[in-house]
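Structural overview for review
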Amino acid sequence: MSSGFERDRDEFTRGTRAIVVLPDQGDASRDVDARLEETAGLAAAIGVEVVERIAYRVRQAKPATLIGSGQVELLATQVRMEEAGLVVFDASLSPIQQRNLEKALGTKVIDRTGLILEIFGERAATAEGRLQVELAHLDYQAGRLVRSWTHLERQRGGFGFLGGPGETQIEADRRLIRDRMARLKRELEQVSRTRGLHRERRQRAPWPVIALVGYTNAGKSTLFNRLTGADVMAEDLLFATLDPTLRQIQLPGIDKAILSDTVGFVSDLPTQLVAAFKATLEEVVSADLLVHIRDIAHPDSEAQRADVETVLAEIGVDDNTPRFEVWNKLDLLDPETHDEIAGQAAHRDDVVAISALSGEGVEHLVEQVAAKLTDAHRRYRILLDASDGAGAAWLHAHGEVLATDAEGLETIYDVRLSETDYDRFIRRDA
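Residues numbered from 1 in each chain as written. Predicted model: local features only at pLDDT ≥ 70, side-chain atom pairs only at ≥ 80, totals over all residues. Heavy atoms only, no water.

With that settled, consider the sheet that holds strand E4 (residues 108–110). Taken in spatial order, the four strands of this open sheet run E2-E1-E3-E4, and their pairing is parallel. Two strands lie at the open edges of the sheet, namely strand E2 (49–57) and E4, each paired on one side alone. Taking each pair of neighbouring strands and ignoring which way they run, the sheet shows an average axis angle of 20 degrees. Two strands pair when backbone bridges link them, and strand E3 (residues 86–89) and E4 are joined in this way by three bridges, in the parallel orientation. Its bridge partner being in E4, Val 87 is matched across the sheet by Val 109. The sheet contacts of helix H4 (residues 95–105) involve E3 and E4, and relative to E4 the element is tilted by about 145 degrees. (Pairing = 2+ DSSP bridges. Helix = DSSP H or I, 4+ residues; strand = E, 2+ residues; numbered from the N terminus. Axes fitted to C-alpha atoms, helices over the stretch in contact; angles between N-to-C directions. Contact = heavy atoms within 4.5 Å.)

On to a negative patch on the surface. On the surface, Asp 334, Glu 336, Asp 339 and Glu 340 cluster together into a negatively charged patch. Take Glu 336: it is sitting in helix H13 (residues 335–346). (Patch = residues over 30% accessible without salt bridge, like charges linked within 9 Å, V, L, I, M, F, W, Y side chains within 5 Å. Areas by Shrake-Rupley, 256 points an atom, 1.4 Å probe, with all protein chains shown as cover. Salt bridge = Lys/Arg side-chain N within 4 Å of Asp/Glu carboxyl O. Lys, Arg positive; Asp, Glu negative; His and termini not counted. Charge placed at Lys NZ, Arg CZ, Asp CG, Glu CD.)

Time to look at the environment of Glu 325. Following the sequence through the fold, Glu 325 ends up in strand E9 (residues 323–328). C-alpha separation for the pair Glu 325 and Arg 294, spaced 31 residues apart in sequence, amounts to 7.1 Å. Setting aside chain neighbours within four positions, we find Glu 325 in contact with His 292, Arg 294, Arg 305, Asp 350, Val 351 and Val 352.

A few words now on the packing of aromatic side chains. Given two aromatic rings, their pairing is described by the distance between the two centres and the angle made by the two planes. If you walk through the whole model with that rule in mind, you get two aromatic pairs. Between Trp 394 and Phe 425 the ring centres are 5.2 Å apart and the planes differ by 50 degrees, which places this aromatic pair in the tilted class. Linking Trp 394 in helix H15 (residues 389–398) with Phe 425 in helix H16 (residues 419–426), this pair joins segments that are 31 residues apart in sequence. No difference in accessibility class separates Trp 394 from Phe 425, as the two residues are buried. (Phe/Tyr/Trp six-rings, centres within 6.5 Å; stacked < 30°, edge-to-face > 60°. Buried < 20%, exposed > 50% of the residue type's maximum accessible area, 1.4 Å probe, protein only.)

Take Tyr 140: it is sitting in helix H6 (residues 127–142). Taking the relative accessible area as the measure of exposure, Tyr 140 reaches 7% and is therefore buried. For the pair formed by Tyr 140 and Leu 273, sequence separation is 133 residues and the distance between their alpha carbons is 9.5 Å.

Below, the discussion takes up the environment of Leu 289. As for its placement among the helices and strands, Leu 289 is situated in strand E8 (residues 289–295). What makes Leu 289 buried here is its relative accessible area of 0%. The sequence separation of Leu 289 and Arg 323 amounts to 34 residues, and the corresponding C-alpha distance is 5.5 Å. Apart from residues no more than four positions distant in its own chain, Leu 289 is found in contact with Val 209, Ile 210, Ala 211, Pro 322, Arg 323, Phe 324, Val 369, Lys 372 and Leu 373.

On to the pattern of salt bridges, then. Taken as a whole, this structure holds 17 salt bridges when the rule is applied. Note that Arg 30 is salt-bridged to Asp 307, the shortest N-O span being 1.9 Å. Residue Arg 30 is found in the loop between strand E1 (17–24) and helix H2 (32–44), and its partner Asp 307 is found in helix H12 (residues 301–314); the two are separated by 277 residues along the sequence. Overall, the relative accessible area of 16% leaves Asp 307 in the buried class. Ionic pairing is found between Arg 35 and Asp 90, a salt bridge with its closest N-O pair at 2.5 Å. Here Asp 90 lies in the loop between E3 and H4 and Arg 35 lies in helix H2, a separation of 55 residues in the sequence.

Turning our eyes to something else, we now look at unusual backbone geometry. Here the phi dihedral of Leu 66 falls at roughly 70 degrees; this positive angle occurs in a residue that is not glycine. Mapped onto the secondary structure, Leu 66 falls in the loop between E2 and helix H3 (69–82). Backbone geometry places Glu 83, a non-glycine residue, at a positive phi of 50 degrees. The topology assignment puts Glu 83 in the loop between H3 and E3. A residue is classified by how much of its surface remains accessible, and Glu 83, at 64% relative accessible area, is exposed.

Spelled out as structure tokens, the structure:
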């Protein structure tokens with residue numbers, strides 16, 4: 001089945017001239033210029049050419065067009081002057097608003113949700129990622145058939161003993177979308193089960209999992225590459241990384257750990273994507289430690305932090321999960337601000353200030369990660385067969401062996417371990 005989303009995509013191509021519009025409804029936590037810059041960056045990520053950025057003050061959203069009629073006329077004039085083939089609204093538009101704006105402006109209109117779905121559609125590299133994105137696309141498009149599927153006003157002839165006009169084409173296509181979504185959900189449930197089995201296997205293994213989370217373009221992948229020596233795509237580009245990547249790393253006092261790089265979050269992340277990507281984000285939910293990477297040089301850094309925390313709550317991350325913040329991109333700050341930010345971080349035990357690009361502060365970060373993973377350790381007495389060399393090596397590698405006492409064919413180990421590692425040790429042969 002060809003989706004309505006795919007039909008919409010044909011209406012503009014890479015290189016299309018676009019105007020970005022921000023209906024400013026007075027969000028004091030956001031810098032208007034920074035928000036326009038972010039949306040222009042999202043548009044550039046799908047290859048369109050942003051030729052103009054406009055913020056309109058909106059005191060009360062209009063049901064028909066969101067912005068006022070005078071603003072629509074001004075925008076239509078701008079569209080003609082710039083010969084724009086696309087207008088990107090940094091807001092959520094109802095199907096009716098989107099259709100009315102397209103008629104008034106004489107050009108293609110997409111909203112923030114549609115824009116983010118476009119990017120995810122282009123970037124999804126794995127079979128799982130493509131399933132998740134297609135499910136999100138179909139969910140988004142299901143309510144927009146009236147606007148985007150122009151052939152749907154026809155009716156097919158009926159059949160059966162009742163006769164009649166039969167179901168409309170729009171009803172048929174809605175049913176096809178529902179059927180396809182049901183199939184995708186079943187496939188994703190299977191993926192989720194498989195991922196769960198892999199995760200259980202890792203949890204039985206003696207390796208803690210550290211998940212890097214953060215706003216898109218905060219520098220997660222750059223830090224991931226520096227810590228692991230990997231070559232994950234890391235560019236000054238929104239949503240450069242979609243599919244999660246896991247690598248082994250070594251930490252002081254910890255023989256081995258798993259570092260996970262996840263998809264970046266963004267403000268107003270479409271609920272369809274949060275739901276579709278839950279299988280991927282389960283890695284975050286089950287992590288032993290969350291490291292929240294922040295772009296401390298960004299004017300909306302605090303608002304971005306709140307957005308990330310909102311998404312973490314949506315996907316079910318427990319407040320009790322150990323976490324701390326990494327204030328990244330010190331290299332972009334002027335010397336005075338650099339020293340001020342570094343000083344603030346130095347006086348907090350839940351923050352490390354770094355530059356993932358230059359390496360400044362990364363060594364201290366590694367020490368802090370190791371400390372976070374070990375500071376909840378408790379003292380245990382563990383009885384092992386004297387022949388269990390693997391068990392003894394495990395305890396030495398992942399805990400602090402305080403004393404040993406041999407008793408015949410058995411050895412008692414007095415050892416400091418985290419509760420999680422103790423659990424893993426007890427279940428290692430399960």
